[in-house]
Amino acid sequence: MAIKVGMVSLGCSKNQVDSEIMLSLIRKGGYELCTDSGMCDVVIINTCGFIEEAKRESIENILEFCTLKKEGRIKAVVVTGCLSERYREEVAKEIPEADVILGIGKNSEIVSAIERALKGETVVEFGDKRDLPLSGERIISNLPFFAYLKIADGCSNRCSYCAIPMIRGDYRSRAIEDVVAEGWWLAHHGVREINIVAQDPTRYGEDLYGKPRLCSLLRELCKIDGIRWIRLLYLYPERISDELIALMAEQREKIVPYIDMPIQHCNHEILRRMNRPGGREALEALVGKLRAGIPGVVLRTTLICGFPGETEEQFEELCDFARRMQFERLGCFAYSPEEGTPAAEFDGQLDGERKSRRCEVIMDQQMEIMDRFNRSKIGQTLEVAVEGYDRYAGSYFGRSYMDAPDIDTKTFFQSDSPLSIGDFVPVRIEDTIDCDLYGTVAGEAAE
Ligand code: SF4
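Once that is clear, we can look at the pattern of salt bridges. Evaluated as defined, the whole model comprises 49 salt bridges. The salt bridge partner of Arg116 is Glu121, with a shortest N-O separation of 2.8 Å. Judged by relative accessible area, which is 34%, Glu121 ranks as partly exposed. One salt bridge connects Glu243 with Arg219, and the closest N-O pair in it is separated by 3.4 Å. Of this pair, Glu243 sits in helix 10 (residues 242–250) while Arg219 sits in helix 9 (residues 214–221), and the two are 24 residues apart along the sequence. Taking the relative accessible area as the measure of exposure, Arg219 reaches 32% and is therefore partly exposed. Connected through salt bridges with shared partners, the residues Arg280, Glu284, Glu317, Asp320, Arg323 and Arg324 form a single ionic network.

This is how it looks when you write it as structure tokens:
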């Protein structure tokens, strides 16, 4: 009987792609993949080690499966990903019950590590982060019609609060041919929505070709038959070029008018201390350029509140900026001091309560902005990708171009005819509640 292997994939979409590549290697290695971790013989926890909260979640998951192992319900616990990469020996020392602890540079050896663990060996190996496999066949672990396409890994920016460069190393682009080949492979396997991810897609190609090549890559991806939506996530604001804006306007049938660009803050002094360029004027000009250059563009951003030394005035400025820019989608994080990052040593660390309160203020304001924006969609017809049917609500649900997977809102809708996951249908918007949209199918599903 085949050994059953399950994967708990934590953290970001980039880590999810790593999980999917490992799952493909494991299946090729003759193991049976199992989605019910309670039924597995071996459980892999592909961890996140980015901020305190994520680290806690990773450790809780590891300990939960170590307990199942102690109870004899599973044979082996395997730890991979950013937590083991960042805290190498500490993880091994703190969690001796884990059978395998691998750094990201050892992901391609996941099958032999499992075999050794099943023979009773404890495997603790880290390797060179640059050996992390960025390409290879994958087992798509989310709904089958969309996928994340990781075009690079690592980051060469040095934001003073961020641990990612320490964990993932410097920026490494994949070759254009390699990414495009994967795009065709995904389309051939039924994917219709590609979400472009990297720590900073705007830097794509600089390390490999000596200059940014994101636009060249996108032009090639736009040629792929069967791909209906291409979405750009994690763009570095200061590197969004006029060429990219023009390309998005030109190719809006395929590259959806949606941009996720973490801005983090708008105050010049705070940005300087975050080791990020720019300031309020430049950011406002950029938002203006995007709205003018790509009509109907939906802008998503992320802000950090409570950065060391952030005064009430600087926070007020951030609130005012977010109010004026009217981002359609916005996430806000309370600053989390990460050991090993410069900002963790900065003076003026704020208490947790003040940081959370500031986040609440921003998000309360944002709820009003999103509600107003959603109300402006009532009466319009949007193309929606069907994600499922909610028996409880008695309605289908899905996402329009305005919503990225996992991080944004949903559209709930009625349909007289039966629909399948991955159908793209026109939905007439009739209402909005709690930032979700509600409507009725207004026509046939797209071919
Ligand atoms: S751009 Fe900055 S915040 Fe983003 S991964 Fe790189 S260093 Fe971290």
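Here we take up the sheet that holds strand 3 (residues 42–47). Working definition: the strands of a sheet are paired by backbone hydrogen bonds and lie parallel or antiparallel to each other. The sheet built from 6 strands is open, its strands ordered 2-1-3-4-5-6 with parallel pairing. Of all strands in the sheet, those with a lone pairing partner are strand 2 (32–33) and strand 6 (123–125), marking the two edges. As defined by bridge partners, strand 5 (residues 100–102) adjoins strand 6 across 3 bridges and the pair is classed as parallel. Each residue of the ladder has a partner; that of Leu102, found in strand 6, is Glu125. On the sheet, helix 2 (residues 52–70) packs against strand 1 (4–9), strand 3 and strand 4 (76–81) and is oriented at approximately 170° with respect to strand 3. In this fold helix 5 (residues 110–118) packs onto strand 1, strand 3, strand 4, strand 5 and strand 6, with an angle of close to 150° to the strand it touches most, strand 4.

This part is about the nonpolar core. Side chains that are nonpolar tend, in soluble globular proteins, to be buried together. Ranked by internal contacts, the top residues of the largest apolar core, which has 67 residues, are Leu218, Ile259 and Met261. The element that contributes the greatest number of residues to this core is helix 13 (residues 312–325), accounting for 6 residues. In contact with Ile259, other than residues within four places in its own chain, are Leu232, Leu235, Ile240, Met248, Leu290, Ile294, Val297, Val298, Leu299 and Arg300. Counting residues in hydrophobic clusters, the runner-up holds 28 residues, among them Trp229, Phe373, Tyr401 and Ile429.

Once that is clear, we can look at the environment of Lys93. Topologically, Lys93 is positioned in helix 4 (residues 88–94). Exposure remark for Lys93: the relative accessible area of 65% places this residue in the exposed category. Sequence separation between Lys93 and Tyr401 is 308 residues; the distance between their C-alpha atoms is 46 Å.

Thresholds, definitions, all that
Residues numbered from 1 in each chain as written. Predicted model: local features only at pLDDT ≥ 70, side-chain atom pairs only at ≥ 80, totals over all residues. Heavy atoms only, no water. Salt bridge = Lys/Arg side-chain N within 4 Å of Asp/Glu carboxyl O. Buried < 20%, exposed > 50% of the residue type's maximum accessible area, 1.4 Å probe, protein only. Helix = DSSP H or I, 4+ residues; strand = E, 2+ residues; numbered from the N terminus. Pairing = 2+ DSSP bridges. Contact = heavy atoms within 4.5 Å. Axes fitted to C-alpha atoms, helices over the stretch in contact; angles between N-to-C directions. Core = buried A, V, L, I, M, F, W, Y, C linked by side-chain atoms within 4.5 Å.

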